[in-house]
Every structure is written in C-alpha cells, then in structure tokens.
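Residue strings, one per chain:
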Amino acid sequence: MSGPAPGDLDGTGTMTPQAVARAGLTARTVTLSYFATNVARQLGLTPPELRRHLGDGPFLASLSTTPLGVSAGITLPLTYAELVRDRRSARSYAQAALDMAFAMNASYVSLAGLLASALDYGSRLDAPPGRITTGHATTAAAILKTVQAVLGVANRRWAVESVGVLGVGSVGRAVIAAALAKLGRPRRIVLADLAVKEAEVTALGDFLAQDYPGLDVSFADATRLERNALYEASLIIGCTSTPNVLRVEKLAPGCIVVDDSVPHCFDVARARARVAEAGDILLANGGGLAFAESYPTTSYPPELLRRQLGWRAGTHRGSYITSCVLSPLLMAADPNLPATVGQGAAVPAVLANWDALDQHAISAPPIHCAGTSPSSEDIARFAERFGNATAHHVS
C-alpha cells in the first residue's frame, strides 16, 4: 500500500480530512479512536496547543488492507480524560471524525475502546441508522473465543471453572450472558464491580438465575481485599475501565485472567513478576483476534509525533486485529449482522458474531498480554500443574 505524496499533507504534517481528500484515500470501514496516553504532556504542550499543531481536528492514523476490505483508523486529538470532562467538545470532534469517515466512503464505523461510553454508546452522534456500532457484540465474541482457546491450551474445562467477571458494564454483561448461552454454565459465577453497583449487578444475577435455574451466581465488591469471592475464582474475565483494581498477589494459584480492560485491570509489572517467579497464573488479552493470513497496515502518525515522540510511519504486516476494528468489517461482509448502539449487546448479536468469526476463519490469537507472550514450555508447565481435574481445587 503506497502512502500519500508529500504534497497531500497539510502544513501540520498531519493527515487531516482535507489531506485525505486530496490524496483520494477511501476505506470500506472506519474505526474512531483517541489518544491512549497524554501526548500533550509528553510534548510539554497544553492540550489546546497540541490540537492546534495537529490541525485541530481528527486525523487519519492508519489504513489496513485486511482480507475483508480496507479499514481506516481515525484518531480524535483527545485523551479519554478529555472525552469525559467535556462531552460537548468530545461530541464535536467525534462528529467531525464520523463525517470524515463517510467522506472516505466508509459503509460502517465503529467506536474503539472507551470512546463508546464517552459518547453515550453512539447515541450522541448523527449517523444514518445501522451505520455506526460500538462493536461490543464482536468484542464479547472475541473475549469468549479467547477464553475457549486459553482453557483449551491449559487443559481446563469451562464447566468446572469458578468464573469471575470484573466490570459488569456493557461488555461484561454481554460476555457472561453469551457465555452461558454458548459455553453452558460454569461451576460458579462471581460478578464483581463497585459497591455502589451492587443492587444493579445483583439484579442481573437474579435475571440470569431465572434463565438458568440452580445457577450459582453472586456479587462481589471489586475493591474489597479480604474474604472476596473474586479472589477464589479460577478464571477472571476483565471488562473494567478501572486500572489496577485486580490485586495480582491475591489471585489463587492456577488463576487464568483474560483481560479486555483499558488500561489493564491489574498492575502489569507485578503480574509479570509473579509469572516469572511462580508461574502460577496465566494472563491473556481478551479483545483481539487473528486472521488466517497476514495483511498490510500503513501508519500515518503526524509529523510532530514522529519527530518528537518517535511514532513510526510506514507499512508492516500482521494477522492480529482488535475486535473494535473487525466489527464494522464483519458488518460490511454481512449486512444482516446487527449494529450495537446503546449500552450492552444482545446475546443473539454476540452469537451471530461468533458464527461470523468461524465463517471467515478468524480465531483467537496466540496468548499474549501487555506486550509479552508465554512460551509453549511455560504454557505446558502451567497446564501440567493446574489443568484438568486440578481446576476443581483452584478456590
């Protein structure tokens, strides 16, 4: 994939909507995102100064030629903190990004990471019906694919797991409801969230118990450290926006953590140290998937970020894809797949995405988390220690 000519860039060295139009770049789908870190602080600038340097609007960050078509990444020049602090400004930048996406001939647009919740799950944006999605149905399906794959290599069975769901919001609710429908009932479910959400989450548990009589489901305060049922779980699925709420030192030996939290729900350094020292926990990212073949992605970081922060431009190949990027591509391949707008994702939508993943030979990626991957020997040792019937006793 060739990049734009130098004359296509505007004076900021940024792929602004105007620069993209001059370059004639198009995409089948688009994913909107935001700065994951405080880029302005890293540059010694105020956020308004950074935005002025970048053209004070959304910019094209990447183009990927996937097996399902070209996907573009458009970045809002805001951090998550700015998104939630000034909702009116966030909506304005997001709408400009959405207009940019449709100007690139995108059929469907998804909202990455925490952008969906910051924009009231898409309801704040002006878009034709069915063209914008939170991607949460695909994310839930991706998490379950990873759970299934990790349990498989660890020689474990869902039916005997004590499952903790950390963060019972839009994605967490979709994951556990779809898991019961697709994988069946586990030995126990612990729904963990903040104490202020106990009544709401308990009501969800009661609802699940009505559909699955005899289901062992309970609430746990995610911040409580002593006598917390969450830390008796043999499998924890992270779906929270609260960083480091899961205390690594409290995890039961043999615990598997599949985490889709942004940022991670546990302290990464402490988790790596425990893995290195004891090898008695297994960590996996939960929101990614992999095509059967690799595809090229071209990155277009603004000149300021290339020069000052070392952000790399150019093309690389890989098979990995995040669920929020994949979601609109699946919709473009099958317009019958429902868009998810608003909080939550219905079980039929999650299961339809699961089937779509199978149809396109898209699977869980190799186990990796926070930039590291366990070796096959590490996984084999974990499976030997904590696999099969041992899972009965990880509590």
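Residues numbered from 1 in each chain as written. Predicted model: local features only at pLDDT ≥ 70, side-chain atom pairs only at ≥ 80, totals over all residues. Heavy atoms only, no water.

1. With respect to the sheet that holds strand S4 (residues 108-111)
Judged by pairing direction, the sheet is mixed, and its seven strands sit side by side in the order S5-S4-S1-S3-S2-S12-S13 without closing on themselves. Each of the sheet's edge strands pairs with one partner strand only, and the pair in question is strand S5 (132-133) and strand S13 (314-322). Pairing of strand S12 (residues 288-299) with S13, which is carried by eight bridges, proceeds in the antiparallel orientation. Note that in S13 the partner of Tyr295 across the bridge is Gly318. Sheet contacts for helix H5 (residues 87-103): strand S1 (29-35), strand S2 (59-66), strand S3 (69-79), S4 and S5; angle to S3, the most-contacted strand, approximately 160 degrees. (Pairing = 2+ DSSP bridges. Helix = DSSP H or I, 4+ residues; strand = E, 2+ residues; numbered from the N terminus. Contact = heavy atoms within 4.5 Å. Axes fitted to C-alpha atoms, helices over the stretch in contact; angles between N-to-C directions.)

2. Focus on helix H9 (residues 198-211)
With 14 residues, H9 extends 20 Å between its outermost C-alpha atoms, agreeing within 8% with the 20 Å of an ideal straight helix rising 1.5 Å per residue. Those residues of H9 not exposed but buried are Val201, Leu204, Gly205 and Leu208. Along the axis of H9, the buried residues cluster in a sector spanning 100 degrees; they form a single face. Across H9 from its buried face, at more than 90 degrees, point the exposed residues Ala199 and Gln210. At its buried positions, H9 is contacted by helix H8 (170-183), strand S7 (188-193) and strand S8 (217-221). (Expected span 1.5 Å × (residues − 1). Buried < 20%, exposed > 50% of the residue type's maximum accessible area, 1.4 Å probe, protein only. Arc of directions from axis to C-beta.)

3. Observations regarding the nonpolar core
By size, the foremost hydrophobic cluster in this structure holds 59 residues, and its most contacted members are Ile256 and Leu326. With nine residues, the top contributor of residues to this core is helix H7 (residues 136-153). (Core = buried A, V, L, I, M, F, W, Y, C linked by side-chain atoms within 4.5 Å.)

4. Things to note about the pairing of strand S9 (residues 235-238)
Covered by surrounding structure in S9 are Leu235 and Ile237 together with Ile236 and Gly238, the residues of both alternating faces. Bridge count for S9 against strand S10 (residues 255-259) is four bridges, and the pairing is parallel. Bridge pairing in S10 links Gly238 to Asp259.

5. As for the confidence of the model for the protein chain
The predicted coordinates ought not to be read in detail in places where the model reports low pLDDT. Summary statistics for the protein chain give a mean pLDDT of 91 and a share of 95% for residues scoring 70 or more. In the predicted structure, residues 1-9 sits below a pLDDT of 50 and forms 20 contacts with residues beyond four places in sequence or in another chain. Within the model, pLDDT remains below 50 along residues 389-395, and this stretch shows 18 contacts once partners closer than five positions in the same chain are excluded. (pLDDT = per-residue confidence, 0-100.)

6. Topic: the pairing of S3
With ten of its eleven residues buried, S3 lies for the most part within the structure. As defined by bridge partners, S1 adjoins S3 across seven bridges and the pair is classed as parallel. Note that in S3 the partner of Thr31 across the bridge is Gly73. Two strands pair when backbone bridges link them, and S2 and S3 are joined in this way by seven bridges, in the antiparallel orientation. Following the sheet pairing, Leu63 is matched in S3 by Ala72.

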